[in-house]
Amino acid sequence: MALPGHQPENDATTPSRPGPALRLRQPLTEDGAAIHRLIAACPPLDTNSLYCNLLQASHFADCSILAEADGRLLGWISGYRLPADPTTLFVWQVAVHPDARGLGLGRRLLSDLLARPGLADIKTMATTITPSNEASWALFRSFAKSQGAAFRHDAHFERDRHFDGAHEAEHMVTIGPLPSVRAAA
Ligand SMILES: CC(C)(COP(=O)(O)OP(=O)(O)OC[C@H]1O[C@@H](n2cnc3c(N)ncnc32)[C@H](O)[C@@H]1OP(=O)(O)O)[C@@H](O)C(=O)NCCC(=O)NCCS
């Protein structure tokens, strides 16, 4: 599929285009069930409880973003500010529906989220990635490059020590310092 015309969430002036417009916006609690279904359709992401997605869509709504077209949820990012360092935005999960992958939507979601006026004080982005998730490495490397920001990673959660052997290790990725004027996707 081709991505429908994109209306950035921070741009109320973009004229609507014919056909289903792609809309990026902050989540509402009513989006929780659709978010839960999207995560389930995006392995290798861990599914969380629907209750957890409802908390993301409410308590963490200002650090989370979704993309929809024609009422259909195509993309989602959950995030939060690190409690010990509120100028770091931790990206918890990124999910792009299989039908909408490879079209730049993941990067647009990251860029639009970071361009929110309410997140203007964010200096660093952090996330964790499993060694085998090539799409996720490529997405975050590409995002760091687009922002002209350094990309670093270190082992963080280990398979045996933290996951009891039941989950691949997770590397902590840090992107920053981020520019104060954010580059568009
Ligand atoms: C990871 C994911 C979110 C990427 O979303 P996407 O919208 O397809 O990514 P984009 O189209 O914005 O691509 C961004 C960059 O990553 C690259 N990329 C995307 N998918 C890739 C893949 N499978 N293999 C290699 N590179 C890939 C793109 O070529 C692009 O690079 P460029 O900007 O240098 O050209 C999507 O594949 C997904 O939802 N996967 C399942 C869930 C997951 O693993 N989430 C990430 C962990 S939180």
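Please refer to the structure placed before this passage.
Just so we're clear, the structure is a prediction, and the values are computed from it rather than from any experiment.

With 8 of 10 residues buried, helix α3 (residues 105–114) lies mostly within the body of the structure. Residues of α3 that are buried: L105, G106, L109, L110, S111, D112, L113 and L114.

Here we take up the pattern of salt bridges. If you walk through the whole model with that rule in mind, you get 6 salt bridges. For R23, the salt bridge goes to E68, with nearest N and O atoms at 3.6 Å. Placement of the pair is R23 in strand β2 (residues 22–25) and E68 in strand β3 (residues 65–69), with a sequence separation of 45 residues. For E68, a relative accessible area of 16% puts it in the buried group. By sharing partners, the salt bridges in this structure join R23, R25, D31 and E68 into a single network.

A word on the site of the ligand. Near the ligand there are 21 residues, and of these V94, G102, G104, N133 and S142 occur at the shortest range. In this structure, G104 approaches the ligand through a main-chain N or O atom, which is 2.7 Å from an oxygen atom. Surface burial for the ligand is 71%, taken as the share of its 920 Å² of free accessible area covered by protein chains. Those elements that place two or more of their residues in the shell around the ligand are β5 (85–96), α3 and α4 (134–147). Looking at which element gives the most residues to the shell around the ligand, the answer is α4, with 5 residues. When the residues that make up the shell around the ligand are grouped by side-chain class, the tally is 12 nonpolar, 7 polar and 2 charged.

Of all the 6 residues making up strand β6 (residues 124–129), 6 are buried; the element is thus mostly covered by neighbouring parts of the structure. Of the pairings in the sheet, the one linking β5 to β6 comprises 4 bridges and is parallel in character. If you follow L89 over to β6, its bridge partner there is M125. For the crossover from β5 across α3 to β6, the handedness is right-handed. As paired elements, β6 and strand β8 (residues 170–175) share 5 bridges and run antiparallel to each other. Residue pairing in the sheet places T127 in a bridge with V173 of β8.

So, about the packing of aromatic side chains. Scanning all chains against the criterion turns up 5 aromatic pairs. The interplanar angle of 40° and the centroid separation of 5.3 Å between the aromatic rings of Y80 and F90 together place this pair among those described as tilted. One end of the pair, Y80, is in strand β4 (residues 72–82); the other, F90, is in strand β5, and 10 residues separate them in sequence. Owing to a relative accessible area of 23%, Y80 belongs among the partly exposed residues under this scheme.

Once that is clear, we can look at the side chain of R25. Turning to its location among the elements, R25 is positioned in strand β2. Given a relative accessible area of 11%, R25 falls into the buried group. Within the structure, R25 has its side chain in polar contact with the side chain of D31 (distance 2.9 Å). Side chain to side chain, R25 and E68 meet in a polar contact 3.0 Å long. Ignoring any residue separated from it by four or fewer positions in sequence, one finds R25 in contact with E9, D31, I65, L66, E68 and R116.

Cut-offs and rules
- Residues numbered from 1 in each chain as written.
- Predicted model: local features only at pLDDT ≥ 70, side-chain atom pairs only at ≥ 80, totals over all residues.
- Heavy atoms only, no water.
- Buried < 20%, exposed > 50% of the residue type's maximum accessible area, 1.4 Å probe, protein only.
- Helix = DSSP H or I, 4+ residues; strand = E, 2+ residues; numbered from the N terminus.
- Salt bridge = Lys/Arg side-chain N within 4 Å of Asp/Glu carboxyl O.
- Near = heavy atom within 4 Å.
- Polar contact = N/O pair within 3.5 Å; in protein donor to acceptor, adjacent residues only side chain to side chain.
- Areas by Shrake-Rupley, 256 points an atom, 1.4 Å probe, with all protein chains shown as cover.
- Nonpolar A, V, L, I, M, F, W, Y, C, P; charged D, E, K, R; others polar.
- Pairing = 2+ DSSP bridges.
- Right-handed = clockwise from strand over helix to strand, strands pointing away.
- Phe/Tyr/Trp six-rings, centres within 6.5 Å; stacked < 30°, edge-to-face > 60°.
- Contact = heavy atoms within 4.5 Å.

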